[in-house]
Each structure stands twice: as C-alpha cells, then as structure tokens.
Amino acid sequence: MKKWIIIIAVVLVALIIIGVLYDAGYLNFKWSTLSMIFAALAGPYMYIKNKLFNTNNVDTIDDMIRKAQDGLKVDADHRAEYDETIAQKETQITRLKHNTTEFDRQIQELQVKADNTKKEVKEMNSDEMAAAFEQLYGNERDE
C-alpha cells in the first residue's frame, strides 16, 4: 500500500511540475503530438489551479473591458495622427512632383535656346560675331 502512495505522489508531483512548466511557457514544442501529450498531462493542474485561484470576478472583467476600450481609443488617436501625417506627406509629394515637372520644362526650354544659339552662331559670319561679341562684352579698344 505504501508503494502505491509513493507512485501516486510521484505522478502527482510530475503532473504538477509539467503543469507549472507548461503554464509558464517552457513546454511549448513544435511537434504537435508531444505538445498535445504535455497539454493533456498539464490539464489536471490547470483545472485545479483555475478552481482554487479563480480571478475572473466582475471587477477584473470590467477592468479588462475598460483597458481594451482605452486601447481602442489610443489606437484611433494614433490612426488619426498617422492619417494626417500621411496626408501631409502626400501633399508634399504632389508639390515636389509639380516642381520637378516645372524644372524639367525649364530645362527643355534652356536646351532649345542653347541649340538655337549654336545654330545662330554657326550661321554668323566673322563681322556679325565681332559685333555680337562687342555687344555682350564691350569694346576694349574704345575704353
């Protein structure tokens, strides 16, 4: 009889140890069969723990609901802030795209002017080039 009491005590201690380790998260295996075995062995411990140390009273549940509602409000506030920031960034991106388009247009105009100037210079004779040079830089002989 004493032998059976020791075996039962050892099994109960093993179940309690497995239950405590499973509850703490140390026994969380990837292999599902092994996890099911340990969960089944930890089941009696969890049942006894929940019956003896039940903390699911009305005040605790109300606190949990209030915290969840507060969390939802905070999330909504963060979402509003991020939406506003995103809208500002999109406006800035649109403005920068417009500026880029305007700069591209100006660059094209300057390239056309440069091409036209090169053509005009090629078509000038030496007297016309001298007159244009004097017009741009002045006449050093007269000064």
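Criteria and cut-off values
Residues numbered from 1 in each chain as written. Predicted model: local features only at pLDDT ≥ 70, side-chain atom pairs only at ≥ 80, totals over all residues. Heavy atoms only, no water. Helix = DSSP H or I, 4+ residues; strand = E, 2+ residues; numbered from the N terminus. Rg over C-alpha atoms; globule rule 2.2 N^0.38 Å. Buried < 20%, exposed > 50% of the residue type's maximum accessible area, 1.4 Å probe, protein only. Areas by Shrake-Rupley, 256 points an atom, 1.4 Å probe, with all protein chains shown as cover. Lys, Arg positive; Asp, Glu negative; His and termini not counted. Charge placed at Lys NZ, Arg CZ, Asp CG, Glu CD. Salt bridge = Lys/Arg side-chain N within 4 Å of Asp/Glu carboxyl O. Patch = residues over 30% accessible without salt bridge, like charges linked within 9 Å, V, L, I, M, F, W, Y side chains within 5 Å.

Draft legend 1. Region of interest: the overall build of the chain. Broken down by element type, the chain carries four helices and zero strands. Its C-alpha atoms give the chain a radius of gyration of 42 Å, clearly above 15 Å, the size a compact globule of 143 residues would have. For the C-alpha atoms alone, the extent of the chain along its principal axes is close to 130 × 35 × 30 Å. In the chain, buried positions account for 6% of the 143 residues. When the accessible surface of the chain is split by element, carbon and sulfur atoms take 61% of a total near 13,100 Å². Counting 18 positive and 23 negative side-chain charges, the chain places the centres of these two groups 20 Å from one another.

Draft legend 2. Fine view of the pattern of salt bridges. In total, this model carries four salt bridges according to the counting rule given. When the shortest N-O distance is used, the salt bridge between Asp63 and Arg66 registers 3.4 Å. With Asp63 and Arg66 both in helix H3 (residues 58-123) and three residues apart, the pair spans about one turn of that helix. Note that Glu109 and Arg105 form a salt bridge whose closest N and O atoms lie 2.3 Å from each other.

Draft legend 3. Fine view of a negative patch on the surface. On the surface, Asp75, Asp77, Glu81 and Glu84 cluster together into a negatively charged patch. Along the polypeptide, Asp75 turns up in helix H3. In this structure Asp75 comes out as partly exposed when scored by relative accessible area, which is 42%.

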